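Coordinate inspection notes
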Amino acid sequence: MARVWKFGDDIDTDQIVPGRYSPYMTSDADLPKYAFIEFRPEFPKEVRPGDVIVAEDNFGCGSSREYAPLALKRCGIAAIVANSFARIFFRNAINLGIPLFEDPAAVQALNDGDVVELDAAAGRITVGGRTIELRPQPRFVQDILAAGTIADYIRDHGRFPGE
Amino acid sequence: MSRGSTLAEKIIGRAAGHAVQPGDLAVVAVGMAMSVDSIAPSVIKVMREEFRIPKVADPEKVALFVDHVAPACNVSTAEGQAEVRRFAAEQGIRHLYDVGTGVCHQLMIDRGLARAGEVVLGSDSHSTAYGAIGAFGTGMGATDIALAFATGKTWLRVPETMKVELTGQLPAGVMSKDAILHLIGRLGIDGATYRAVEFYGAEDLTAASRITLCSMTTELGAKAGMIAFPQERLAEFGLPEWLFADPDAGYVHAETIDLAALSPQVSSPDDVDNVSSVDAVVGIHIDQVFLGTCTNGRLEDIHAAARILKGRRVAPHVRMIIIPASDDILKQSVADGSLISLLEAGATVSTPGCGPCIGRHQGVLAAGEACFSTANRNFRGRMGSPEADIYLGSPLTAAATALEGKIADPRNYL
Ligand code: SF4
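Residues numbered from 1 in each chain as written. Chains lettered and ligands numbered in written order. Predicted model: local features only at pLDDT ≥ 70, side-chain atom pairs only at ≥ 80, totals over all residues. Heavy atoms only, no water.

**Let's talk about the overall build of chain A**
Inclusion rule: In DSSP terms, a helix is any run of H or I states spanning at least four residues, a strand is any run of E spanning at least two, and both are numbered starting from the N terminus. Only C-alpha atoms enter the radius of gyration; for comparison, a globular chain is expected to reach 2.2 Å times N to the power 0.38, where N is the number of residues. Relative accessibility under 20% of the residue-type maximum defines a buried residue, over 50% an exposed one, and the middle range a partly exposed one, all with a 1.4 Å probe and only protein chains included. We get accessible surface area from the Shrake-Rupley algorithm with a probe of 1.4 Å; when it comes to residues, only the shown protein chains can shield them. Charged residues are defined here as Lys and Arg on the positive side and Asp and Glu on the negative side; His and the ends of the chain fall outside this count. Think of each charge as sitting on NZ of Lys, CZ of Arg, CG of Asp or CD of Glu.
Looking only at helices and strands, chain A features seven helices and seven strands. For 163 residues, the compact-globule estimate of 2.2 N^0.38 gives 15 Å, and the C-alpha radius of gyration of chain A, at 15 Å, lies within 12% of that figure. Across its three principal directions, the C-alpha atoms of chain A cover 45 × 35 × 25 Å. Within chain A, the proportion of its 163 residues that are buried is 56%. Total accessible area computed for chain A in this model is approximately 6200 Å², and 49% of it derives from carbon and sulfur atoms. Charged side chains in chain A number 18 positive and 24 negative. The centres of these two groups are separated by 3 Å.

This is the structure in structure tokens:
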């Protein structure tokens, strides 16, 4: 059982982890404590491994900081479902092995605090007895996630996805 | 049916070694990959511990900058910078630009590290700036940069391209910053997500103004921002003869901006696309004015501010912080007297670099304060307290605002 943390449009990387809380300014080990520290202060305290983030348009816009998705990964976020993602965040999250799903219908069906069951590998989420089939990810994304992370992929295959 | 190529498609195609179409995944050679003090320690760690590759593929194609918190503000940042210096020495990387040389993107262009016709990567989102000199510049995270350092390659999804045509001349008091803020206001901060933006009609703007345009395409979510130079003028700009967009290239979308019709623009908190004409926000109280960053810390920006502030005084309650984007710009502004007129007006100067742009040092904001900045982002909490407000505009508008201590129209002072 996991819960849904729902967000609106244009959640930027400064909202996910403000620059002042970066591992460069503080200590790397503390990173998960700073996820949404100012924007949604209860998040780092209450988030549990396996929880799911649901967001509307353009999640992760702003900077190239990989520690934004890294903080979410270290909090144990199992997947992010959004209407759309900002492009650098999308790459970073996939590289780190966080399953992302672009699926507006699922976003509409999921609410903050919902208790859900997620099967990220199968692309399926169950809420209130109803199972939603998430929109399949592009092939190369599936390939990276199947390996784990982009580092795992390159180590396993000795080449880039699609090369 | 075959059709011509956009600039992004031409550059990616050459770097991939085969023709590409939007939507293709291409593995490409990287002309230069750079990282900065705040991210490079992660890049180094990922390269060694995740990819387990001890050496960069080609030290000539790696550049490192100490600009985001320069000089260091605490032990943690000092340790990170020491790590960057050790890495450069151990790997034989000679493109290390240390404290005081300036903002990464400015140096990438000025020192010839970003080259026309190449794919250039930065661990910083405003790497789109390199489109101003004909490179496909794009920002990526630490893992992608580590991979580029280690292999000299990256993968890209070939973007669709959007065309933006500039017509007319900028009126007095209006700068290229106003044009790009206007475009962001029109399209929204996801208005070009995953796309390349190609500007037409920008070749007669100044070089500095073109960098501002390309740099801020990041605020549209764009993957790259490029200036389309006319084919017959490529030699004049020192660009390779193949670096033009084909007349029959395919665009997903087109916009036109009539420069002549623009007024000074201001982006109000909390999103960059919250843009209005300056008239709508005139009179808002401002505590700090920041002139600098990779977006607007160039010589023409310092000159623009000096034009308004020379012989005048900044409002008594305003802290005006000037950070030239590079050491050369600092020296030139000292030599030509523009900096002294700003100092005499009551401004102060900090080390070339990013300064307070990301709220880490040199001008962090307190709760309840408002800053008028020439930077590129006004997200809540970016420059310090989440209770502080950030307004964005051109160097001219920043100077007029410093003078009055509230947002002001620069056209009243020209
Ligand atoms: S000046 Fe600001 S936007 Fe530019 S590279 Fe530095 S932190 Fe990023």
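This is not the end of the story, as more comes after the structure.
**Quick notes on the domain arrangement of chain B**
Residue and element names in this part refer to chain B. The following threshold applies: Residue ranges assigned to the domains are those given by an automatic or database domain assignment. Pairs of residues are marked as contacts when any of their non-hydrogen atoms sit within 4.5 Å. The quantity reported as buried area is the accessible area (1.4 Å probe) lost by two parts once they are put together, taken as the sum for both. Just to be clear on terms, a salt bridge is a Lys or Arg side-chain nitrogen sitting within 4 Å of an Asp or Glu carboxyl oxygen. A 3.5 Å cut-off defines polar contacts: any pair of N or O atoms within that distance qualifies, except that in protein one atom must be a possible hydrogen donor and the other a possible acceptor, and neighbouring residues in sequence count only when both atoms are side-chain atoms.
You can read the domains of chain B as domain 1 (7-157), domain 2 (160-261) and domain 3 (268-413). On a C-alpha basis, the centres of domain 2 and domain 3 stand 24 Å from each other. With 21 residues of domain 2 in contact, the opposing surface of domain 3 contributes 22 residues. Summed over both partners, the interface of domain 2 with domain 3 comes to about 1600 Å²; 62% of that surface belongs to carbon and sulfur atoms. The tally of links from domain 2 across to domain 3 stands at one salt bridge. Two residues, arginine 377 and glutamate 219, come together in a salt bridge whose shortest N-O distance is 2.6 Å. If you look at where domain 2 meets domain 3, you find 10 residue pairs in polar contact (both at pLDDT 80 or more). Secondary structure elements with two or more residues in the side of domain 2 that touches domain 3: helix 6 (176-187) and helix 7 (207-215). Per-element accounting of the side of domain 2 that touches domain 3 gives the leading share, six residues, to helix 6.

**Considering the interface of chain B and chain A**
The following threshold applies: In the scheme used here, Gly and all other residues not listed as nonpolar or charged are polar, with Ala, Val, Leu, Ile, Met, Phe, Trp, Tyr, Cys and Pro taken as nonpolar and Asp, Glu, Lys and Arg as charged.
Taken together, the contact pairs 50 residues of chain B with 39 residues of chain A. Roughly 3700 Å² is buried in total at the junction of chain B and chain A, and carbon and sulfur atoms are behind 55% of that figure. Together, B:Trp155, B:Tyr194 and B:Arg360 form the three largest contributors to the area buried by chain B at its contact with chain A, with a combined 18%. Taken together, the links from chain B to chain A amount to three salt bridges. For the salt bridge of A:Glu163 with B:Lys153, the shortest nitrogen-to-oxygen distance reads 3.0 Å. Taken together, chain B and chain A are joined by 24 residue pairs in polar contact (both at pLDDT 80 or more). Going through the elements one at a time, strand 1 (25-29), helix 2 (40-50), helix 3 (75-91), strand 6 (136-139), helix 5 (142-151) and strand 7 (153-157) of chain B are the ones with two or more residues in the side of chain B that touches chain A. Ranked by residues supplied to the side of chain B that touches chain A, first place goes to helix 5 of chain B with five residues. Here the residues of the side of chain B that touches chain A sort into 17 nonpolar, 19 polar and 14 charged.

**Observations regarding helix 6 (residues 139-147) of chain A**
Given 3.6 residues per turn, any residue in an α-helix points the same way as the ones three and four places further on. Formally: Note: the arc covers the axis-to-C-beta directions of the helix.
Every buried residue belonging to helix 6 of chain A is among A:Phe140, A:Val141, A:Ile144 and A:Leu145, and all of these are buried. For helix 6 of chain A, the angular spread of buried residues about the axis comes to 135°, placing them on one side. Turned more than 90 degrees off the buried face of helix 6 of chain A, the exposed positions are A:Arg139 and A:Ala146. Its buried side turned inward, helix 6 of chain A meets helix 4 (87-95) and helix 7 (150-157) of chain A together with strand 1 and strand 7 of chain B. Once helix 6 of chain A finishes, A:Gly148 follows within two positions and takes phi at roughly 125°, a positive value.

**Regarding the confidence of the model for chain B**
Condition: How sure the predictor is of each residue is captured by pLDDT, a score from 0 to 100.
Taken residue by residue, chain B gives an average pLDDT of 97. The fraction at 70 or more is 100%. The complex model carries a pTM of 0.94, and its ipTM stands at 0.89.

**What about the packing of aromatic side chains?**
The cut-off we apply is this: Between rings of Phe, Tyr and Trp, where Trp is taken as its six-membered ring, a pair exists when centres lie within 6.5 Å; planes separated by under 30 degrees are stacked, by over 60 edge-to-face, and by other angles tilted.
Within the structure shown, the criterion is met by 16 aromatic pairs over all chains. Judged by centre distance (6.4 Å) and plane angle (85°), the ring pair of A:Phe90 and B:Tyr194 falls under edge-to-face. Residue A:Phe90 is found in helix 4, and its partner B:Tyr194 is found in the loop between helix 6 and strand 9 (196-200); the two belong to separate chains. Its relative accessible area of 25% is what places B:Tyr194 among the partly exposed residues.

**Topic: the site of the ligand**
For clarity, the threshold we go by: The near set for a molecule or strand comprises every residue that places at least one heavy atom within 4 Å of it.
Near the ligand the following residues occur: B:His68, B:Val103, B:His105, B:Asp124, B:His126, B:Thr293, B:Cys294, B:Cys354, B:Cys357, B:Ile358, B:Asn376 and B:Arg382. Structurally, the shell around the ligand is a two-domain feature, drawing no fewer than three residues from each of domain 1 (7-157) and domain 3 (268-413) of chain B.

**Structural notes on the side chain of B:Gln91**
Inspection of the secondary structure assignment puts B:Gln91 in helix 3. Excluding residues that lie within four positions of it along the chain, B:Gln91 makes contacts with B:Pro54, B:Lys55, B:Val56 and B:Pro59.

**Looking at the pattern of salt bridges**
Side chains bearing opposite charge may pair, as long as their charged atoms lie close to each other. Residue and element names in this part refer to chain B. For the structure shown, the criterion picks out 34 salt bridges over all chains. In this structure, arginine 86 and glutamate 83 form a salt bridge, with 3.0 Å as the shortest nitrogen-oxygen distance. Placement of both arginine 86 and glutamate 83 in helix 3 is noted, with a separation of three residues, approximately one turn of the helix. The salt bridge involving arginine 115 is made with glutamate 118; its shortest N-O contact spans 3.3 Å. Given the relative accessible area of 25%, glutamate 118 is considered partly exposed.

**Overview of the nonpolar core**
Definition in use: The set of buried Ala, Val, Leu, Ile, Met, Phe, Trp, Tyr and Cys residues whose side-chain atoms join them within 4.5 Å is what this entry labels a nonpolar core.
Formed by 187 residues in total, the largest nonpolar core has its most connected members in A:Phe43, A:Phe59 and A:Leu72. For this core, the element with the highest residue contribution is helix 5 of chain B, accounting for seven residues. Once residues within four sequence positions are removed from consideration, A:Phe43 is found in contact with A:Trp5, A:Phe7, A:Ala35, A:Phe36, A:Ile53, A:Leu72, A:Cys75 and A:Ile77. Within the second largest apolar cluster, 16 residues are counted, among which are A:Ala79, A:Phe101, A:Val107 and A:Ile132.

**A look at the pairing of strand 5 (residues 119-122) of chain B**
Residue and element names in this part refer to chain B. For the record, the criterion: Pairing between strands requires that DSSP locate at least two bridges from one strand to the other.
With burial as the criterion, each face of strand 5 is covered, one bearing Val119 and Leu121 and the other bearing Val120 and Gly122. Sheet analysis places strand 2 (residues 32-36) next to strand 5, joined by three bridges and oriented parallel. Of the residues in strand 5, the one forming a bridge with alanine 33 is leucine 121. In this sheet, strand 6 lies alongside strand 5 in parallel orientation, the contact comprising four bridges. In the sheet register, valine 119 faces strand 6, and the bridge partner there is phenylalanine 136.

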